[in-house]
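# Reading the structure
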Amino acid sequence: MSAHLPRGRHLLADLTGVAAKRLTDPAALETLLRDAARAAGGTVLGGHFHPFGPGLGVTGVLLLAESHLSIHTWPEHGFAALDVFMCGSARPELAVDAIEAALAPASCVRREVARG
């Protein structure tokens, strides 16, 4: 594993108008985020996804060699919040693209913060 400089790109995305059924399954969301991390050039080191009960939201995080990727969902509001921070040559926008394509929100508002 190569060392990364202490700078990267931190993307925040708010997805609204998502079908509730897409926001309640922790295993499906973990698979989606793992695939998205790899699509962005990330290396998944581990993760934890917690469901809050039948029909309720999920909070999940992947620890990456390049930093992290997390999601918090509110199916009752059709809303998901993403946090994707990656350093090195990883491309966090590709992770957001993959997640957006799978969740099919009515809208996705992205914000980017340069880190380091």
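The structure under discussion appears in the preceding block.
The sections below set out a description of the structure shown in this document.

Calculation criteria
Residues numbered from 1 in each chain as written. Predicted model: local features only at pLDDT ≥ 70, side-chain atom pairs only at ≥ 80, totals over all residues. Heavy atoms only, no water. Helix = DSSP H or I, 4+ residues; strand = E, 2+ residues; numbered from the N terminus. Expected span 1.5 Å × (residues − 1). Buried < 20%, exposed > 50% of the residue type's maximum accessible area, 1.4 Å probe, protein only. Arc of directions from axis to C-beta. Contact = heavy atoms within 4.5 Å. Pairing = 2+ DSSP bridges. Axes fitted to C-alpha atoms, helices over the stretch in contact; angles between N-to-C directions.

## Brief notes about helix α2 (residues 92-103)
Between its first and last C-alpha, α2 extends 17 Å over 12 residues, near the 16 Å set by a 1.5 Å rise per residue. All of the buried residues in α2 are Pro92, Glu93, Ala95, Val96, Ile99 and Leu103. Looking straight down α2, one finds its buried side chains confined to an arc of 155 degrees; they lie on one side. Against β1 (8-16), α1 (26-39), β4 (67-74), β5 (79-87) and β6 (107-115) lie the buried residues of α2. Directly after α2, the chain includes Ala104, whose backbone phi takes a positive value near 50 degrees.

## Section: the sheet that holds β6
Across the sheet, 6 strands lie side by side as β2-β3-β4-β5-β1-β6; this open sheet has antiparallel pairing. Of all strands in the sheet, those with a lone pairing partner are β2 (44-51) and β6, marking the two edges. Adjacent strand axes in the sheet meet at a mean angle of 10 degrees when their direction is disregarded. Direction of pairing for β1 relative to β6: antiparallel, over a ladder of 9 bridges. Bridge pairing links His10 to Val113 in β6. Sheet contacts for α1: β2, β3 (58-64), β4 and β5; angle to β2, the most-contacted strand, approximately 155 degrees. The strands touched by α2 within the sheet are β1, β4, β5 and β6, with β1 carrying the most contacts at an inclination of about 15 degrees.

## What about the environment of His77?
Structurally, His77 is set in the loop between β4 and β5. According to the relative accessible area criterion, His77 is exposed, its value standing at 61%. Put simply, His77 and Val18 are 59 residues apart on the chain and 8.4 Å apart in space, counted from C-alpha to C-alpha.

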